[in-house]
Every structure is written in structure tokens, then in C-alpha cells.
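Single-letter residue listing:
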Amino acid sequence: MTTDQIRAEVNRAQKEEFIALLRSTERDGIENLINYLENKSDFFEAPAASKFHNNFEGGLCEHSLNVYKNFKNLIEMKQIELDEESIVITSLLHDLCKCNYYIKEERNRKVDGVWETYLQWTTNKSPALPLPHASRSIKMIKSYIPLKFTEELIIFYHMGPFGGEDYEYRNMMQLAFEKYPATLLFYLADTMSSYIDEKTLED
Ligand SMILES: [Fe+2]
Ligand SMILES: [Fe+2]
């Protein structure tokens, strides 16, 4: 088996795991959302990032599953009350805004004095919804399923201090971390997944 064939096999298994988990929530509208992911978006082919963690096809689905495992562990470790359904919804969908967002662009480079063309991931500079990262995910999710208030908070603050620089954002984020500790744990789970569990492929 080649490396590409192994990756394709991993992607297929992770897609199945992702869909089964999402379906297990039985949230109103979930089948329409699954249909969107499978048939109207590139979710299962998309990378998690263009240059950093999991920058390969299937990287976004794998990242979402990594966040699910880390978040679930942290919630259990700190004995925070949060339904399994909410753990699944927030983990698997927090980066929905990355659907139809990454594109492969042709670039040229000189290797040993010879020019060659290669493909590099880059981002869509004008997504259909001109909203920042977390708000765009929330808007997209809510066009298919309802979100509970805590789930919306968790997704809104999932970038932690990197989600906004203004004074009001930082104050409210700290308040959310204090009053709803699951929001802090989710930020940690997302960061742990990106920095510890996932790798960056060089071109
Ligand atoms: Fe994100
Ligand atoms: Fe993420």
C-alpha cells in the first residue's frame, strides 16, 4: 500500500466515524446538515489549515475528531457537566467555516536550478459569508440545526485570546471562561489537537 492509499483509507474510516457520531445526536435538522457535508461541501476533503496543522486532504475531519477526543477527556477529567450531544456538536462542527474555504493553487519554484510547478493550499479571500472564523461557523451551523446557548458560547470563544483583540472581547471571554468552564476546556482541546496531535506537511 502506498502512503496515499493508506491516507485515503484513513480518510474513509474517519468520515464514517464522524457521520455516525453526528447522527447519534439526533438533533433536529442533523440529516440535512450531513447531506450538506457529504454532497454540497468539501468538508471531508478539506485540510484543517493551509500551512499549519493537518494541511492535507481529510485534515479538517481528522482535526474535528481529535478535538472531540481531547474535549471529552478534559470534560471528564475536570468533572464538568456537559451532555455528550453538546460535546459532539461543538467538537465536530466548530470549524464548519472551513468548508469550501481552502483551494489548491499552482505555484512555481526552482529546485536544483530547474523550475517546477507544485500545488499549495491557500484560502478563499472572499467567502460567501463575510464573518470572522467562529461567527461564520455558528451562522453556518444554525442554518441547519438549532444550537444551545452553551454550545454557541463554546464555538464563539474556541479561538480563545486569538479570536479577537479588543477590550470587550477579552473581558467577555474571561467572563465566559469563569462562568462556563467548558468554553476554556474547548479552547484547550482545540489547541492541544493542533499543536500536539497534528502534524504539518512540508511542500
Ligand atoms: Fe477554529
Ligand atoms: Fe479547530
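Residues numbered from 1 in each chain as written. Chains lettered and ligands numbered in written order. Predicted model: local features only at pLDDT ≥ 70, side-chain atom pairs only at ≥ 80, totals over all residues.

Colleague: Can you help me understand the packing of helix α5 (residues 133-142) against helix α6 (residues 149-156) in this one?
Modeller: How two helices sit against one another is set out by the angle between their axes and by the gap between those axes. Closest axis-to-axis distance for the α5/α6 pair is 8 Å, and the angle between their directions is 145 degrees. Taking contact as the criterion, the partners of A134, S137 and I138 in α5 are, on α6, E152, I155 and F156. When its residues are assigned to classes, the contact of α5 with α6 shows four nonpolar, one polar and one charged. (Axes fitted to C-alpha atoms, helices over the stretch in contact; angles between N-to-C directions. Helix = DSSP H or I, 4+ residues; strand = E, 2+ residues; numbered from the N terminus. Contact = placed C-beta atoms within 7 Å. Nonpolar A, V, L, I, M, F, W, Y, C, P; charged D, E, K, R; others polar.)

Colleague: Teacher, can you tell me more about the environment of E106 here?
Modeller: When you line up the elements, E106 lands in strand β1 (residues 102-111). Taking C-alpha positions, E106 is 27 Å from R12, a pair spaced 94 residues apart along the chain. Beyond its immediate stretch of four places on either side in the chain, E106 contacts T117 and L119.

Colleague: Would you take a moment to explain helix α8 (residues 181-197) for this structure?
Modeller: Given 3.6 residues per turn, any residue in an α-helix points the same way as the ones three and four places further on. Here α8 is 17 residues long and its end C-alpha atoms lie 23 Å apart, about the 24 Å a rise of 1.5 Å per residue gives. Turning to α8, its buried residues number three or more, namely A182, T183, L184, L185, F186, Y187, A189, D190 and S193. Check the buried side of α8 and you find it contacts α3 (59-77), α4 (84-93), α6 and α7 (167-179). (Expected span 1.5 Å × (residues − 1). Buried ≥ 20, exposed ≤ 12 C-beta atoms within 10 Å, placed from the backbone.)

Colleague: Would you mind going over the environment of W121 with me for this structure?
Modeller: Topologically, W121 is positioned in strand β2 (residues 114-123). For W121, a count of 19 C-beta atoms within 10 Å puts it in the partly exposed group. For the pair formed by W121 and N11, sequence separation is 110 residues and the distance between their alpha carbons is 18 Å. Residues contacting W121, with those up to four places away along its chain left out, are P47, S50, N55, Y102 and K104.

Colleague: Could you clarify how one ought to interpret the environment of V67 in this entry?
Modeller: With respect to the helices and strands, V67 occurs in helix α3. Take V67: there are 26 C-beta atoms within 10 Å of it, and that puts it in the buried class. Those residues in contact with V67 that sit more than four places away from it in its chain are S91, H94, A189, D190 and S193.

Colleague: What is the right way to look at helix α1 (residues 3-24) in this model?
Modeller: Relative to the 32 Å expected for 22 residues at 1.5 Å per residue, α1 spans 32 Å between its end C-alpha atoms, a close match to the ideal helical length. Where α1 ends, the next residue or the one after it, E26, has phi of about 55 degrees, a positive value.

Colleague: Help me out: how do you make sense of unusual backbone geometry in this one?
Modeller: Negative phi is the rule for most residues except glycine; trans is the rule for most peptide bonds. A positive phi angle, near 55 degrees, is found at E26, a position not held by glycine. By secondary structure assignment, the location of E26 is in the loop between α1 and α2 (30-40). In this structure E26 comes out as exposed when scored by C-beta crowding, with 9 C-beta atoms within 10 Å. In this structure, Q79 takes a positive phi of about 50 degrees despite not being glycine. Positionally, Q79 belongs in the loop between α3 and α4.

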